Protein chains: 2
Amino acid sequence: MIDNKINRVAIVGVGLIGGSLAKALRQANRSITITGYGRNTDNLKLAMKLGVIDLYETRLEAAVHDADLVVLAVPLQAMPEVFKRMGTCLRPDVIITDVGSAKGFVVEAAKALGSLFSRFVPAHPIAGTEQSGVTHAATDLFERHITILTPVPETDREALGYVDRMWQRVGSQTVIMDVSRHDRVLAGTSHLPHLLAFALVDMLTRNEQDEPFRYAAGGFRDFTRIASSDPVMWRDICLANNHAIRDAIGQYIDTLQRLDGYLEASDQAGLMKLFTEAKQRRDHYLAERTAMAGNHKRTQDETD
Amino acid sequence: MIDNKINRVAIVGVGLIGGSLAKALRQANRSITITGYGRNTDNLKLAMKLGVIDLYETRLEAAVHDADLVVLAVPLQAMPEVFKRMGTCLRPDVIITDVGSAKGFVVEAAKALGSLFSRFVPAHPIAGTEQSGVTHAATDLFERHITILTPVPETDREALGYVDRMWQRVGSQTVIMDVSRHDRVLAGTSHLPHLLAFALVDMLTRNEQDEPFRYAAGGFRDFTRIASSDPVMWRDICLANNHAIRDAIGQYIDTLQRLDGYLEASDQAGLMKLFTEAKQRRDHYLAERTAMAGNHKRTQDETD
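Residues numbered from 1 in each chain as written. Chains lettered and ligands numbered in written order. Predicted model: local features only at pLDDT ≥ 70, side-chain atom pairs only at ≥ 80, totals over all residues. Heavy atoms only, no water.

1. Things to note about the interface of chain B and chain A
Contacts between the two partners involve 90 residues from chain B, matched on the other side by 90 residues from chain A. Summed over the three residues of chain B that lose the most area to chain A, namely B:Tyr215, B:Arg221 and B:Arg282, the buried surface amounts to 9% of that side. Between B:Arg246 and A:Glu264 there is a salt bridge; the shortest N-O distance is 3.8 Å. Where chain B touches chain A, the interface holds 16 residue pairs in polar contact (both at pLDDT 80 or more). Of all the elements in the fold, those that place two or more residues in the side of chain B that touches chain A are β8 (146–149), β9 (173–176), α7 (179–206), α8 (218–224), α9 (231–240), α10 (242–264), α11 (268–291) and α12 (295–302) of chain B. Counting residues per element, the side of chain B that touches chain A draws most heavily on α7(B), at 19 residues. For the side of chain B that touches chain A, a count of residues per class yields 46 nonpolar, 21 polar and 23 charged. (Contact = heavy atoms within 4.5 Å. Buried area = accessible area lost by both parts, 1.4 Å probe. Salt bridge = Lys/Arg side-chain N within 4 Å of Asp/Glu carboxyl O. Polar contact = N/O pair within 3.5 Å; in protein donor to acceptor, adjacent residues only side chain to side chain. Helix = DSSP H or I, 4+ residues; strand = E, 2+ residues; numbered from the N terminus. Nonpolar A, V, L, I, M, F, W, Y, C, P; charged D, E, K, R; others polar.)

2. What to know about the relation of the copies chain B and chain A
After a rotation of 180 degrees and a shift along the axis of 0.0 Å, chain B superposes on chain A with an RMSD of 0.0 Å. Given the turn and translation reported, the copies of this chain are related as if by a two-fold rotation axis. Among all residues of chain B, the minimum C-alpha distance to the rotation axis is found for B:Phe223, at 2.2 Å. Both copies share a contact surface, since 100% of the interface residues of chain B are interface residues in chain A too. (Least-squares fit on C-alpha atoms with pLDDT ≥ 70 in both.)

3. Considering the environment of B:Val70
Residues and elements named next belong to chain B. Along the chain, the position of Val-70 falls in strand β4 (residues 69–72). For Val-70, a relative accessible area of 0% gives the class buried. Separated by 175 residues in the primary sequence, Val-70 and Ile-245 have C-alpha atoms spaced 29 Å apart. Contact partners of Val-70, with chain neighbours within four places excluded, come to Ala-10, Val-12, Val-64, Met-86, Leu-90, Val-94, Ile-95, Ile-96 and Thr-97. (Buried < 20%, exposed > 50% of the residue type's maximum accessible area, 1.4 Å probe, protein only.)

4. Here we look at the pairing of β4(B)
All names here are of chain B. Taking every second residue as pointing to the same face, both faces of β4 are buried, with Leu-69 and Val-71 on one and Val-70 and Leu-72 on the other. One ladder, built from four bridges, connects strand β1 (residues 8–12) with β4; its direction is parallel. Across the sheet, the residue bridging to Ile-11 is Val-71, located in β4. Bridge count for β4 against strand β5 (residues 95–98) is four bridges, and the pairing is parallel. Bridge assignment links Val-70 to a residue of β5, and that residue is Ile-96. (Pairing = 2+ DSSP bridges.)

5. Structural notes on the confidence of the model for chain A
Residue and element names in this part refer to chain A. Within chain A, residue pLDDT values average 90, and 91% of them lie at 70 or more. Across residues 293–304, where pLDDT falls below 50, the model places 25 contacts with residues more than four positions away in sequence or in other chains. Model confidence for the complex is summarised by a pTM of 0.87, with the ipTM given as 0.87. (pLDDT = per-residue confidence, 0-100.)

6. Digging into the side chain of B:Asp183
Residue and element names in this part refer to chain B. Its place among the elements puts Asp-183 in helix α7. Buried and unpaired, Asp-183 has Lys-103 as its nearest opposite-charge partner, separated by 7.4 Å. A polar contact is formed between the side chain of Asp-183 and the backbone nitrogen of Lys-103, at a distance of 2.8 Å. Once residues within four sequence positions are removed from consideration, Asp-183 is found in contact with Ala-102, Lys-103, Gly-104, Asn-241 and Ala-244. (Lys, Arg positive; Asp, Glu negative; His and termini not counted.)

7. Description of the packing of helix α5 (residues 103–110) of chain A against helix α7 (residues 179–206) of chain A
Residues and elements named next belong to chain A. The interhelical angle for the contact between α5 and α7, taken along N-to-C directions, is 140 degrees, at an axis separation of 8 Å. By the angle between their axes, α5 is oblique relative to α7. In this structure, α5 uses Lys-103, Gly-104 and Val-107 to contact α7, whose residues at the interface are Val-179, His-182 and Asp-183. Residue classes in the contact of α5 with α7 are distributed as two nonpolar, two polar and two charged. (Axes fitted to C-alpha atoms, helices over the stretch in contact; angles between N-to-C directions. Parallel < 35°, antiparallel > 145°, perpendicular 65-115°, else oblique.)

8. With respect to helix α2 (residues 41–49) of chain A
One side-chain oxygen at the N-terminal end of α2(A) lies 3.0 Å from the backbone nitrogen of A:Asp42; it belongs to A:Asn40. Among the residues trailing α2(A), A:Gly51 stands out with phi positive, at a value near 75 degrees.

9. What about helix α6 (residues 157–169) of chain A?
Residue and element names in this part refer to chain A. Taking 1.5 Å per residue as the helical rise, α6 with its 13 residues ought to reach 18 Å, and the 18 Å between its terminal C-alpha atoms agrees with that figure. All buried positions along α6 are accounted for by Ala-159, Leu-160, Gly-161, Tyr-162, Val-163, Asp-164, Met-166 and Trp-167. N-cap assignment for α6: the residue whose side-chain oxygen lies 2.9 Å from the backbone N of Glu-158 is Asp-156. (Expected span 1.5 Å × (residues − 1).)

10. Some remarks on the sheet that holds β8(B)
Residues and elements named next belong to chain B. On the basis of which strands lie adjacent, the open sheet formed by three strands has the order β7-β8-β9 and mixed pairing. Each edge of the open sheet carries a strand with a single partner, namely β7 (123–125) and β9. Taken pair by pair, the neighbouring strands of this sheet meet at an average axis angle of 20 degrees, ignoring direction.

11. Concerning the packing of α7(B) against α10(B)
Residues and elements named next belong to chain B. Orientation of α7 relative to α10, taken along the N-to-C sense of each, is 65 degrees, at an axis distance of 9 Å. Considering the relative orientation of α7 and α10, their crossing is right-handed. In this structure, α7 uses Asp-183, Arg-184, Ala-187, His-191, Leu-192, Leu-195 and Leu-196 to contact α10, whose residues at the interface are Ala-244, Ile-245, Ala-248, Ile-249 and Tyr-252. Its residues assigned to classes, the contact of α7 with α10 comprises nine nonpolar, one polar and two charged. (Left-handed = near helix turned anticlockwise from the far one by under 90°.)

12. Side note on the sheet that holds strand β4 (residues 69–72) of chain A
Residues and elements named next belong to chain A. The strand order across the open sheet built from six strands is β3-β2-β1-β4-β5-β6, with neighbouring strands paired in parallel fashion. Each of the sheet's edge strands pairs with one partner strand only, and the pair in question is β3 (55–57) and β6 (120–121). With five bridges joining them, strand β1 (residues 8–12) and strand β2 (residues 33–37) adopt parallel strand pairing. Bridged to Val-12 within β2 is Tyr-37. Here helix α1 (residues 16–28) sits on the sheet in contact with β1, β2 and β4, set at roughly 165 degrees to β1. The strands touched by α6 within the sheet are β4, β5 (95–98) and β6, with β5 carrying the most contacts at an inclination of about 50 degrees.

Written out as structure tokens, the structure is:
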């Protein structure tokens, strides 16, 4: 670890993200003790066997009471209860962070920490695959990925500095962002695309007779990859970032209706402009990403 | 070639698909002569240099008049003019085929062939990448991909048999399908996803300040890959398969509005049902694809 004072880490929720962070923290510092908390003993035993955690606890209080660092990596809808129960049993100098995809919701829930709310640093690593579960946890999951930190005015600067360095240490580029901006940007770049993929598969498979997948090319496969994501996680994100996501869906339907208007009018110029500009922006983005040293390999790996 | 009688092949439009088919036909039979037709001399010279074609012609009549097999691989909107001009200058025993993505439109245009309409076999190889141009042409582009043939009652059975064997010879699995069914199925599995990707990039980049791409994860990259496709090709597909695509857009907006209704009502069960079923169907499809011998590698390659 970058700070010697962090010896005991509690990972609350040992899945893909919690497990990957545990592995990456372990690689950064062999001497820390990592305790995994969860309700599923089989999963915790598996995490032990995989060397992801050193100890496990199925009682939250026992898992976190002496931790220097607590990382919440449970589904969003489980977070309010965890914050509520942790408020009374943590060390006063604890540092708490999370990996949730909707920050407004998590910050609101974290207020149940009471006086320890200032020790909580909201974080969101923009990493992951459509796979879930500790078996897919990888030490390098966060390498060359952005982690967004969304501190609030109450957030302790020392705690913020620690969490910032921690994410950098596991390979992330960190960005500080306002909570509401985070939720709006992610609604567009992550939450909406996932819902679009789920909706496409839903629509195409409603009439089974058409065997839509059979005649699908590679583009369709990539497009719908994220429809294989964890339904519980996405239900929770929909509930937690509800307003920003609904705004994005509304804007998207407007865009589709504009495109449909071009089709209705056989408007060649309108279609060309939309397609050409989208291609240019997308190609520009890809060129930038590829230019980021080493990044290309990583994003390739992600596709499977 | 599988039939000895095919000695001279004319590729009308030497881009990614036309060029790949030329290379694959060459591999199947070293003795054939392949003439490339196009309006861009630089592109034709490049195709010669790459060994994709043996000769080139910028006059259509000269390119096709003695051909045993003519393959149309120009953008859809260029096809009517090509059919019209070819009708008078082909051999009576010629076999004509195409690679267009919208078959109703092409079949209608092919009627300009007059008495040679029966020698035309409409075909659509479900292959390609977001890249275009002869430099990306690949001998194995069609391997382990489906090619859909959509003969009409007038189609000569001998010509159909030849084109069927030709696509199998270059590695495709062929499927015979009704023209209108092809256009409806492809509107859903190919045309709609491309438009969704273009629309997403358009929507997210309209407000440049949000730098949407910067905070995008791998899922977004895959999702929008197809927004880097050729704008001309997609404009043409929109015009050529207009009705089926508009039907698909309408159904998709309905699905999004249903999803938005679940969000509005915070309907956990509705969200879970939609996400779980989509994931199951998508995972099932992927498992089937992976089970197809050797297919996994190919679809992986396609992602970049």
